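# Structural overview for review
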Amino acid sequence: ASESAVVAQAQKYIGVPYLWGGTDPSKGLDCTCFPQLVYGHLGVDLPRTYSQQATAGPPVASVASARTGALLFFDHFSSRSAAAP
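Residues numbered from 1 in each chain as written. Predicted model: local features only at pLDDT ≥ 70, side-chain atom pairs only at ≥ 80, totals over all residues. Heavy atoms only, no water.

## What about the packing of aromatic side chains?
Tallied over the entire structure, the rule returns 2 aromatic pairs. Both rings, one in tyrosine 13 and one in phenylalanine 34, keep their centres 6.1 Å apart while their planes meet at 90°; by these two values the pair is edge-to-face. On the criterion of sequence distance, the pair formed by tyrosine 13 in the loop between helix 1 (3–11) and strand 1 (23–24) and phenylalanine 34 in helix 2 (residues 33–41) is long-range, its members being 21 residues apart. What makes tyrosine 13 buried here is its relative accessible area of 13%. (Phe/Tyr/Trp six-rings, centres within 6.5 Å; stacked < 30°, edge-to-face > 60°. Helix = DSSP H or I, 4+ residues; strand = E, 2+ residues; numbered from the N terminus. Buried < 20%, exposed > 50% of the residue type's maximum accessible area, 1.4 Å probe, protein only.)

Laid out in structure tokens, this is it:
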């Protein structure tokens, strides 16, 4: 999906409230369902959970090298080598 297509699709959900566990845009979306829904409309299949999404695509070397539409996950626990819920 192109960067502009990702932005255009995401903008369709402006005003949809955050809802923990939310999967229905008419009620609310959570932080993992939102990108899953956006990318799903663009033909990209993302898993549902944070930890699955964090390891689904290629890693980005740094925030500076991230492109529009990249999903960034941060793990502040030095005891883990990968993102976790």
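## Remarks on the side chain of aspartate 30
Mapped onto the fold, aspartate 30 is located in the loop between strand 2 (28–29) and helix 2. When its relative accessible area of 9% is taken as the criterion, aspartate 30 is described as buried. A distance of 3.1 Å separates the side chain of aspartate 30 from the backbone nitrogen of threonine 32, its partner in a polar contact. A polar side-chain atom of aspartate 30 sits 3.0 Å from a polar atom in the side chain of arginine 48. Excluding anything up to four places from it in sequence, aspartate 30 contacts Tyr18, Leu19, Trp20, Gly21, Gly22 and Arg48. (Polar contact = N/O pair within 3.5 Å; in protein donor to acceptor, adjacent residues only side chain to side chain. Contact = heavy atoms within 4.5 Å.)

## A look at the pattern of salt bridges
Per the stated rule, a full pass over the model turns up 2 salt bridges. Measuring nitrogen to oxygen at the nearest pair gives 2.7 Å for the salt bridge that ties arginine 67 to glutamate 3. On the criterion of sequence distance, the pair formed by arginine 67 in the segment after helix 3 (50–54) and glutamate 3 in helix 1 is long-range, its members being 64 residues apart. In this structure, arginine 48 engages aspartate 30 in a salt bridge whose closest nitrogen and oxygen atoms are separated by 3.0 Å. Residue arginine 48 is located in the loop between helix 2 and helix 3, and its partner aspartate 30 is located in the loop between strand 2 and helix 2; the two are separated by 18 residues in the primary sequence. (Salt bridge = Lys/Arg side-chain N within 4 Å of Asp/Glu carboxyl O.)

## Describing the environment of threonine 55
Summarising the element assignment, threonine 55 is placed in the segment after helix 3. Between the alpha carbons of threonine 55 and phenylalanine 73 there is a distance of 9.2 Å; along the sequence they are 18 residues apart.

## Overview of the environment of proline 17
Residue placement: proline 17 occurs in the loop between helix 1 and strand 1. Taking the C-alpha atoms as reference points, proline 17 and leucine 29, 12 residues apart in sequence, are found 6.5 Å from one another. In this structure proline 17 touches Lys27, Gly28 and Leu29, once residues within four positions along its chain are discounted.

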